[in-house]
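Summary of the model geometry
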Amino acid sequence: MSSADLDVKVPDTALAREATQLVRDTASDLIYHHSRRVYYWGSLQGRNRDLSFDPELLYLGAMFHDVGLDKEFHHSGHRFEVDSADAAKRFMQAHDLPADSVRRVWTAIALHTTPGIPEFMEPEVALVTAGVEYDVLGIGYDDVSETDRATIVAMHPRPDFKRRILAAFTEGIRPRPETTFGNVKADVLERYVPGFERGNFVDTILESAWKE
């Protein structure tokens, strides 16, 4: 089977093609194929939820959402989600996209590891997270047909994906452990980085400079 068998397509625009080539040239095969799958899963979930979304904006969100894991950002001091969102923002602004489009994609990327919020926002924001949650966590696994699932994985394989994506998360975040406070990536470092101690919200309150 091929993409011709799917109801959703990658946008056939110059902007989408340039974004594809950029990520293909700079990211690992793991991140490239994961990002493409995120677009497909997000699009299919958008159809399932009867959401009207801009395929090009969803594609940009999907393709850029993990670029902040790259080593060039390891010492930025920012959450990798913000580095990813900022990279997408620079790309879009260089192509003179409207400010609202840039905002939607930035927000979609920045919030893609923050469950419970994106689903209530604009469709592009909700669907980047839905695509990520499908590919990484298997949330809503049966919402996509077995046929569509097999077609997408044939185009963008996921060999040993669970182990390899966790390794990519670890490598991308290990140099900036402080950025995991209050978010899911603390789970990754706690599991794979000896000596890592997650920040505790309660301790932060109790140990603050306030006397009471």
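Report follows, based on the coordinates. On a predicted model such as this, the values are computed, not experimentally measured, just so you know. (Residues numbered from 1 in each chain as written. Predicted model: local features only at pLDDT ≥ 70, side-chain atom pairs only at ≥ 80, totals over all residues. Heavy atoms only, no water.)

1. Here's the deal with empty space enclosed by the protein
This is how the line gets drawn: Points on a 1 Å grid over protein atoms alone make up a cavity when a 1.4 Å probe fits among them but cannot get out, and a pocket when they form an open set with protein on both sides within 12 Å along at least five of seven lines; lining residues each have an atom within 4 Å of a point. Grid points are joined across faces, edges and corners, and a volume is the space filled by probe spheres set on the points. Side-chain classes follow a simple rule in which Ala, Val, Leu, Ile, Met, Phe, Trp, Tyr, Cys and Pro form the nonpolar group, Asp, Glu, Lys and Arg form the charged group, and the remainder, Gly included, forms the polar group.
Taken as a whole and assessed by the stated rule, the structure comprises one cavity of 30 Å³ or more. Partitioned by chemical class, the residues of the lining of the largest cavity number two nonpolar, three polar and three charged.

2. Here we look at the pattern of salt bridges
Stated formally: Each salt bridge in this description consists of a side-chain nitrogen of Lys or Arg and a carboxyl oxygen of Asp or Glu lying within 4 Å of one another. Three exposure classes are used, based on accessible area relative to the maximum for each residue type with a 1.4 Å probe and protein chains only: buried under 20%, partly exposed in between, and exposed over 50%.
What the rule picks out here adds up to 15 salt bridges. For aspartate 12, the salt bridge identified is with arginine 17, shortest N-O distance 2.6 Å. Assessed through its relative accessible area of 67%, aspartate 12 is described here as exposed. For arginine 17, a relative accessible area of 48% corresponds to the partly exposed category. A salt bridge links arginine 79 to glutamate 81; the shortest N-O distance between them is 3.0 Å. A residue is classified by how much of its surface remains accessible, and arginine 79, at 25% relative accessible area, is partly exposed. Taking relative accessible area as the criterion, glutamate 81 reaches 1% and is therefore assigned buried. One continuous salt-bridge network, built from bridges that share partners, spans Asp100, Arg103, Arg104, Glu122 and Glu124.

3. Description of the packing of aromatic side chains
The cut-off we apply is this: Whether two aromatic rings pair depends on their centres lying within 6.5 Å, for rings of Phe, Tyr and Trp, where Trp uses its six-membered ring; planes under 30 degrees apart make the pair stacked, over 60 edge-to-face, and the rest tilted. Note on conventions: DSSP H or I runs of at least 4 residues are helices, E runs of at least 2 residues are strands, and numbering of each starts at the N terminus. Both a distance and an angle decide whether a charge sits over a ring: NZ of Lys or CZ of Arg must be within 6 Å of the ring centre and within 35 degrees of the ring normal.
One pass over the structure, following the stated rule, counts five aromatic pairs. With a centroid separation of 4.7 Å and 40° between ring planes, the pair formed by tryptophan 41 and tyrosine 134 is classed as tilted. Residue tryptophan 41 is located in helix H2 (residues 29–48), and its partner tyrosine 134 is located in helix H6 (residues 123–137); the two are separated by 93 residues in the primary sequence. We classify tryptophan 41 as buried; its relative accessible area is 1%. Here tyrosine 134 and tyrosine 141 contribute two aromatic rings whose centre-to-centre distance is 6.0 Å and whose plane-to-plane angle is 10°, an arrangement assigned as stacked. The class of tyrosine 134 is buried, set by a relative accessible area of 4%. An aromatic cluster of at least three residues, connected via ring pairs, comprises Tyr39, Tyr40 and Tyr59. One Lys or Arg, arginine 37, reaches over the ring of phenylalanine 161 and ends 4.8 Å from the middle of that ring. Of note, lysine 185 hangs over the ring of phenylalanine 169, and the distance from its end group to the ring centre comes to 4.3 Å.

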